[in-house]
Amino acid sequence: MSVPSLTSSRCCSIGWNSSSFFVQLGFPPHGDTEIRGYPKRRFSQKRFPRACLSSSDPLLVKAARGYPVSRPPTWMMRQAGRYMAVYRKLAEKYPSFRERSETIDLIVEISLQPWNAFHPDGVIIFSDILTPLPAFGVPFDIEEVRGPVIQSPISSEEGLKALHPIDLEKLHFVGDSLRILRQEVGGKAAILGFVGAPWTIATYIVEGGTTRTYKTIKSMCHTAPHVLKALLSHLTQAISDYIIFQVDSGAQCVQIFDSWGGQLPPNMWELWSKPYIEQIVNAVRKKRPQTPLVLYINGNGGLLERMQGTGVDVIGLDWTVDMADGRRRLGSGITIQGNVDPAYLFSPHSVLTDEIQRVVRCAGSRGHILNLGHGVLVGTPEESVAHFFDVARSLKYETFGEDCMEEKLKSVV
């Protein structure tokens, strides 16, 4: 499959060469955006100096940094897991999730299962957002039915005494696994790390595990704000150190999951989640400026503009946000990720193809990483996952359709 040259003047277009039309859509070849409904932004690489760009960088890293690419790179959240027969077979042999996610050989094997089967543009380490907890003083278990269980939840100043700076030696299996994955995959795909955002991690620590109501931690915002702030500050430092550790071990892009940030009203997210994510972004940017950071929140329709204010390089959209609307709200000055509904993978392949093409059209030809709007669902047919990646690889911006782009133009003029 031939790939258009990135130096071609057409590599940023989608089937036409009219720069004036491109400007109207908010995706000008040179990055200037100033139309009604869009913030005035420039899709420049000021965060990523030209020296950061190498021709050997994986496609996903280039797109995350905002550089023009020939097609949208793609990976899937939860692309390694129970929908794959090979994973289920391995899980029967190693029934403990903690063992599977904390043993180097198993981490590498599981992480590579979707790579070997589908060749996505991103290979994400098989791990969990709670994995680093014991390394800073919060032991936990994972039970078959209940899921994560923290025996000593923290809800008082006394509980804070158990916390200590993150001991990265206790997470050596993460670092070793990333190094092996980087070596195994070479430059054929980006190696992805990930962490949980402070608010999301705090929900588990305060609630003692999973919850549907978040009533304990939400009430804590008002009844013991000093304790919650201290906990979030501690988590912020630990997570910042953990991201840098992952980058130094081989991760080329890191996703921050604020999975439960969408459970907060927007004004509360501004107070209790956003400032801590900003601190993480600033800390990583200061020490590892070449590394793109992605922020994903489940249920983020009311938070998109606020998410942009954190300074991350990529914003992941869940499937409840229309891609064209998401691009209109965020403008062309930031990379977006997503956002095919995972349920489409249960549809006929022709329907899935149409949806992939619609999402890509609406995202625009620059600054888009194709993904699902949430993780792969259990029971998803593997042949549908293969089809998803096959379609993604077949796309070419220079020959792609423009239907959704025309709709976008009508919506902003």
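Bear in mind the structure is a predicted one, so any value in this text is a computation, not a measurement. (Residues numbered from 1 in each chain as written. Predicted model: local features only at pLDDT ≥ 70, side-chain atom pairs only at ≥ 80, totals over all residues. Heavy atoms only, no water.)

Colleague: How should the packing of aromatic side chains be read in this particular structure?
Modeller: Aromatic ring pairs: the centre-centre distance and the angle between the two ring planes describe each pair. According to the stated counting rule, one finds eight aromatic pairs in the structure shown. Geometrically, the ring pair formed by Y242 and F245 is stacked, given 6.5 Å between the ring centres and 15° between the ring planes. With Y242 and F245 both in helix α10 (residues 225-249), this residue pair falls three residues apart, about one helical turn. Look at F245 and you get buried, because its relative accessible area is 15%. An angle of 80° between the planes, with centres 5.7 Å apart, marks the rings of F388 and F389 as edge-to-face. On the basis of relative accessibility, which here comes to 0%, the residue F388 falls in the buried class. By relative accessible area, F389 is classed as buried at 1%. An aromatic cluster of three or more residues is present, and its members are Y87, F97 and F126. (Phe/Tyr/Trp six-rings, centres within 6.5 Å; stacked < 30°, edge-to-face > 60°. Helix = DSSP H or I, 4+ residues; strand = E, 2+ residues; numbered from the N terminus. Buried < 20%, exposed > 50% of the residue type's maximum accessible area, 1.4 Å probe, protein only.)

Colleague: I'm lost on the packing of helix α15 (residues 349-363) against helix α16 (residues 382-394) in this one. Help?
Modeller: Any two packed helices are characterised by the angle at which their axes cross and by the distance between the axes. Contact pair α15 / α16: the axes reach a minimum separation of 10 Å and the direction vectors enclose 40°. Here α15 is positioned oblique relative to α16, judged by the angle of their axes. As for how α15 packs across α16, the hand of that crossing is right-handed. Contacts between α15 and α16 pair H349, L352, T353 and I356 from the former with E383, S384, H387, F388 and V391 from the latter. Its residues assigned to classes, the contact of α15 with α16 shows four nonpolar, four polar and one charged. (Axes fitted to C-alpha atoms, helices over the stretch in contact; angles between N-to-C directions. Parallel < 35°, antiparallel > 145°, perpendicular 65-115°, else oblique. Left-handed = near helix turned anticlockwise from the far one by under 90°. Contact = heavy atoms within 4.5 Å. Nonpolar A, V, L, I, M, F, W, Y, C, P; charged D, E, K, R; others polar.)

Colleague: Please explain unusual backbone geometry as it appears in this structure.
Modeller: Trans peptide bonds make up most of the peptide bonds, and negative phi angles are found at most residues other than glycine. Here G338 and N339 are connected by a cis peptide whose omega angle stands at -10°. Its identity as a non-glycine residue notwithstanding, R78 has a phi of 60°, on the positive side. For R78, a relative accessible area of 52% puts it in the exposed group. Positive phi, close to 55°, is recorded for H119, a residue that is not glycine. Of note, H119 is situated in the loop between α5 (104-118) and β3 (122-124).

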